[in-house]
Number of protein chains: 4
Amino acid sequence: MSKINKVVLAYSGGLDTSAIIPWLKENYDCEVVAFVADVGQGEDELEGIEEKALASGASQCFIADLKDEMVSDYIYPSLKTGAVYEGKYLLGTSMARPIIAKAQVECALEVGADALCHGCTGKGNDQVRFESAFAALAPQLKVIAPWREWDLRSREALLDYLAERNIATTASLEKIYSRDANAWHISTEGGVLEDTWNTPNEHCWVWTVDPEQAPDESETVNVTVEKGEVVAVNGEAMTPYQALIYLNEKGARHGVGRIDIVENRLVGMKSRGCYETPGGTIMMEALRAVEQLVLDKDSYEFREELGLKASHLIYDGRWFTPLCQSILSAADSLAQSVSGEVVVKLYKGQATVTQKRSLNSLYSEEFATFGEDEVYDQSHAGGFIRLYSLSSRIRAMNTQKQK
Amino acid sequence: MSKINKVVLAYSGGLDTSAIIPWLKENYDCEVVAFVADVGQGEDELEGIEEKALASGASQCFIADLKDEMVSDYIYPSLKTGAVYEGKYLLGTSMARPIIAKAQVECALEVGADALCHGCTGKGNDQVRFESAFAALAPQLKVIAPWREWDLRSREALLDYLAERNIATTASLEKIYSRDANAWHISTEGGVLEDTWNTPNEHCWVWTVDPEQAPDESETVNVTVEKGEVVAVNGEAMTPYQALIYLNEKGARHGVGRIDIVENRLVGMKSRGCYETPGGTIMMEALRAVEQLVLDKDSYEFREELGLKASHLIYDGRWFTPLCQSILSAADSLAQSVSGEVVVKLYKGQATVTQKRSLNSLYSEEFATFGEDEVYDQSHAGGFIRLYSLSSRIRAMNTQKQK
Amino acid sequence: MSKINKVVLAYSGGLDTSAIIPWLKENYDCEVVAFVADVGQGEDELEGIEEKALASGASQCFIADLKDEMVSDYIYPSLKTGAVYEGKYLLGTSMARPIIAKAQVECALEVGADALCHGCTGKGNDQVRFESAFAALAPQLKVIAPWREWDLRSREALLDYLAERNIATTASLEKIYSRDANAWHISTEGGVLEDTWNTPNEHCWVWTVDPEQAPDESETVNVTVEKGEVVAVNGEAMTPYQALIYLNEKGARHGVGRIDIVENRLVGMKSRGCYETPGGTIMMEALRAVEQLVLDKDSYEFREELGLKASHLIYDGRWFTPLCQSILSAADSLAQSVSGEVVVKLYKGQATVTQKRSLNSLYSEEFATFGEDEVYDQSHAGGFIRLYSLSSRIRAMNTQKQK
Amino acid sequence: MSKINKVVLAYSGGLDTSAIIPWLKENYDCEVVAFVADVGQGEDELEGIEEKALASGASQCFIADLKDEMVSDYIYPSLKTGAVYEGKYLLGTSMARPIIAKAQVECALEVGADALCHGCTGKGNDQVRFESAFAALAPQLKVIAPWREWDLRSREALLDYLAERNIATTASLEKIYSRDANAWHISTEGGVLEDTWNTPNEHCWVWTVDPEQAPDESETVNVTVEKGEVVAVNGEAMTPYQALIYLNEKGARHGVGRIDIVENRLVGMKSRGCYETPGGTIMMEALRAVEQLVLDKDSYEFREELGLKASHLIYDGRWFTPLCQSILSAADSLAQSVSGEVVVKLYKGQATVTQKRSLNSLYSEEFATFGEDEVYDQSHAGGFIRLYSLSSRIRAMNTQKQK
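In this report, the structure presented in the accompanying data block is examined. (Residues numbered from 1 in each chain as written. Chains lettered and ligands numbered in written order. Predicted model: local features only at pLDDT ≥ 70, side-chain atom pairs only at ≥ 80, totals over all residues. Heavy atoms only, no water.)

Because an α-helix packs 3.6 residues into every turn, residues spaced three or four apart end up facing the same way. All names here are of chain A. Here helix 1 (residues 15-28) contains 14 residues, and its C-alpha end-to-end distance of 20 Å stays within 8% of the 20 Å for a straight helix at 1.5 Å per residue. Along helix 1, the helix axis deviates most sharply at proline 22, where the bend reaches about 25 degrees. For helix 1, a buried count of 10 out of 14 residues is recorded, marking the element as mostly surrounded by other parts of the structure. Listed as buried for helix 1 are Leu15, Thr17, Ser18, Ala19, Ile20, Ile21, Pro22, Trp23, Leu24 and Tyr28. (Helix = DSSP H or I, 4+ residues; strand = E, 2+ residues; numbered from the N terminus. Expected span 1.5 Å × (residues − 1). Bend = angle between axes of the 7 residues up to and from the residue. Buried < 20%, exposed > 50% of the residue type's maximum accessible area, 1.4 Å probe, protein only.)

Taken residue by residue, the interface counts 102 residues in chain A and 102 residues in chain B. Counting each side, the surface lost to burial between chain A and chain B is near 9000 Å², with a carbon and sulfur contribution of 53%. Contact with chain B buries surface across chain A, with Trp197, Lys297 and Tyr388 of chain A losing the most and accounting together for 10% of the total. Here chain A is connected to chain B by 6 salt bridges. For lysine 345 of chain A, the salt bridge identified is with glutamate 212 of chain B, shortest N-O distance 2.7 Å. The interface formed by chain A and chain B contains 38 residue pairs in polar contact (both at pLDDT 80 or more). In terms of residue count, the dominant contributor to the side of chain A that touches chain B is helix 11 (residues 297-315) of chain A (9 residues). (Contact = heavy atoms within 4.5 Å. Buried area = accessible area lost by both parts, 1.4 Å probe. Salt bridge = Lys/Arg side-chain N within 4 Å of Asp/Glu carboxyl O. Polar contact = N/O pair within 3.5 Å; in protein donor to acceptor, adjacent residues only side chain to side chain.)

Structural alignment of chain A on chain B gives an RMSD of 0.0 Å, achieved by rotating through 180 degrees and translating 0.0 Å along the axis. What the superposition gives is, in effect, a two-fold axis relating one chain to the other. By residue overlap, the copies meet face to face through one surface: 100% of the interface positions of chain A are interface positions in chain B. (Least-squares fit on C-alpha atoms with pLDDT ≥ 70 in both.)

Among the structural elements, arginine 97 of chain C can be located in helix 5 (residues 92-111). Each C-alpha atom of the pair arginine 97 of chain C and valine 128 of chain C lies 9.8 Å from the other, and the pair is 31 residues apart in sequence.

Any functional reading would require information that these geometric values do not contain.
Written as structure tokens, this is what we have:
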């Protein structure tokens, strides 16, 4: 392995990546640049992060504000496909990884680094997502994954490692739950969740109120959709990121967007997590409701297929592949007519669409009801059915003949 | 068209099929046999139905109890596929049609009839479902669809028609909503629902309590699943039909299983309906939860594809086709490991799985967490990722070379 | 039905559409405009066609040269999907229908017609393709399908009909085979083909030489592909139409591109046809060969799925639908890297790719062979396999535990 | 790693596995049992193989005749799906791996071995296929893959290794092409094929005659199919294996079944191979031809989807998974009506179906042609088309209204 001179680390300020900085310097004898992606994980996590990075031994610390780009260029295109992983998961962590990796690569190219490093463990999906993006964007850069290399195996070991080097940390020995947050969602794993027969407790949920504690009064939000994208809420135009933040606040208040799932990780095992996606859940409901109005039967089915395929591609870290781009193209094409207005009612954990309309609506009161109309003559149905079931008829006649 | 001597009519006791009996006799000069399918639509609808049929002019009236068979042989196999039409609809009306049509055909063959008749309108799906089943099961029998033939165009016209013939009816002039019920669900269409911008009102829901009026205390049910089928609830073994009825009662109490959908009808137009499937919703959640534990990634994805395909086949009245049977086989094969136990919490309109376990679970606390184990060595992941992203790497290297 | 003043007829110059002109005038009391689409069906069929139309009673005759547009805007986009219907049929007739219908609609709008007419029979696919396009492009225009209306039921009847009106025709009483041709293909149906147990005879093939009579010497052509489109042949840049014509000539000489198929028509029955697509077959082989070099595993599979879906959409006359456009977008996206050069050998009915190369090729001699290389370390495979088969391992361990 | 006492090696008698025997003994200090699978690779390869194994140091050598079982239980079920990998490859090597691995595992359990070993290289698919099967069938057994462990890197090194140990071998230093054969196919890789711009030469083909040298007279074979399986040829009942051998001979004589493909390996790279599957190609053509007669449109499409999915599962070594079994069930269900008789003409590299018939045929001369019939009334088509294109019509009317 050739010598590494400068490595750009995806730095979060947490215990793991804090320990990685000195570990890289000692084991690779290289300069370490900390790269922090602001994807909306919260002020708390970003406060003082540059100082922390430098104190841990980084030569530089870059903070990239990716919040708007993430929602506009990664989340919104994904929503058009309707991607939901294994029937439940709105892909919060998955959608953030490609944009972080891309910005990290750009940082590396700018500072002339020859390697990339991340703090993902060796049993999770994120290592695959980061490294797949690295392979697609900068195959010439080396990749270092300390969790697959070092022999530090516990929080205690990491704390000792930092203490020995006099690097201060606010991390505590006890950390029961593992979490990941961005503007779209927060995930919680570990602790009581490790036994699937345990009910999630209050610590498993962070952003959203318990539905049983949510307001007794429901609330509605009015969502305006244009070409498959939420462009206004309650009549006010908003950027994608603004709309998400606004709906997060509304949804969280009513306990909307909680899921508790056992999912198949890409690396062959299953894991359990509690995910909260309050605003995203409202957006999804709104988009699907407009689709109900404007997509014909075959188009709706294809959109569902695209969503299924996209859910795996996104989950599996395949964003920067021709296949993923092809599927996003297809979904974007279908979304051209997905414009309309939806009212979503929030109540005790649920987001329910109660009203919907669209200029492109294929629903027509006139055609759907019993009366006569210009477009649909009931007698047409007889011919339709006859041809529609013709092969069944011929098959049955054949069978009778053979008896 | 050859002369018809005897026709078997799918008789519901409602206004439409009551008028059809004399209409058939007058227009086809034939004997009319009424066939009533008991699919759990409710005692009210069945009470005195034989007298009614005979009073309307039927020569005979047969009532077939199809409730157990419907749940066991039509609904349970469908549930294994996970079929949900256009993301929402649990296919309540669709799943009942094939079994009714099949029993009606059997009745016709037994009484030596030469024609079949149904009371479905010319704009709906049910005409297609009935006649597709007829074509597959008895292509030699003629099919009469009065709604596509006669010029009676309103309730008033039908009432007048019966009055002129001195046939008593309890039907009223005003009937705003059109409903269909069986053990699995009840649907409501028409009235305020005809404008998609209207919120459903209290008349749009029949079985389930309004979530806002549901008990403030949640309740849990324990569901036992074996090979993809619910076999016990709260520890008590139940037949499929019993389990459904039991869960219907539980779900309805908590406002579970309401949907309000604009869907694509098979005949090319859209319609809107409010559907209630309280017990079915709980069953679905339970089955999917066990699947989360036992199906691997690719199997889960295929099960979702099967559900998507099956949803269209069942909705479209394709039950008695080789394709539908092939898909049911595939789903049944996958369901062999879908056994386990699930706790579902019912609260204010929601059915949420809080606990789940299975002897076939592929989830393992040992493998999923950070510690060492025999089965998964974190260093394996490095090789996995490298090969997994190899084509991306080669593509990127190519692109760089070409620059 | 409101009165029709002027109708535009898709006119071929054959017996059927010649009879339709006077029939329309007599039965609808309207002006008839003949519209002729030149899609490469051949000089013979176009010679003197205007005179013929006018002699039959048309008020005007328009001839539109659609050859280039058909190949560039309909065939080439379809080829990127790889669409082949039921494993064999290269969709020759299907791809021509949308462009003819579109041009016919444009003609109708220009001349201020209020109706459209075609000469397709009531048992075929083409009526559906024409009328589906009409519905999508000009729903306000009436559609007349004489074959579903009149009671002329044989060639003899049509000839008599014309004779009675003193309209000259060169059509003969005996016409065993029914054919359809355009630049892409020629189809033959009827005659001996009506029994699937009959071998096609010499009359079933028109353009291509019998492979057994083809030259004993093979010939090669060099095909250059750019972004999924054939742009040059034997080193010479060509328009899509030119390339097709050139390859037709080459392929026909060697008996390339014959298929004999029993296919499922859209209208529920099966039919048998012999189709010849000499140039198209060569193009298909060339495109697929470049794809072998440049598409990764998942992309290749998706391209095959797109082809399967597109084959049905195109066959079924769904060209002007959002779904078809979405699928074409997806295929076009994938085709961006499909550039390269291919040598195709033509011999006795076969077109076989013998050489292929591409700057975007993901094939690398260095990686594929046994030696060491930078990109692929054999030890990576161990980790890959371990994770790849992890769920199988866990399942098997579970099963053993349960014994 | 715990100590290994006895290992069962998949032994071929070739240079690699001959070297593996002493290497295992030296490096693992264990007893080595040679396991030879007879899958129809040819007498030459099996002659004296037991002596060879013992001479190389094996303690025992078992030879299992798997020929009948492979064709009956692996190939025939696969054929029902129509699986063809990346449009060309009939999966010859892929289908043989699971049965070999299964028999090897059974041998290991019988002799009380604690490990399994194979001679596949670290860059190919076969290592994944073997080890995936091992994981599914005997997860408790260790797996040794010498090519990923040792530092022998060339034929020369292997020959030296054997010479140093006085183990005789007939292997020569020069071996340009790498081949794999079984009853279904023979594959050739390496040599001139490593440059995709090279035309395959005479050494790239082993079983089949060059089409240009094939007989000038064509020959036909009559294939009888029952429920998706070839049961007789030329009127003579044959077992699956017999039928394959018989058709191999016929096909090879006429140069049938050659393909030259660049394919995506499972391990992320591409490779090129020349594959010969003479009998298999004839079987495939015959099965597809019967399907043309008996499968309706939707069933045919689903069969194609199953084939696409199965091609990847089989290629990827996923035979012993619930997903693969589910797909095989679905295909077997569809195949129940695939019975009939087909005549295939063999000529200069091509296998062309010229005649076909089936009692289950949905094709009917009566329905397909112009005349009147009982089953299909042309006027039905008008209603069919109207509903079929209804959503297009509504969409277009909407668009016009918005202008």
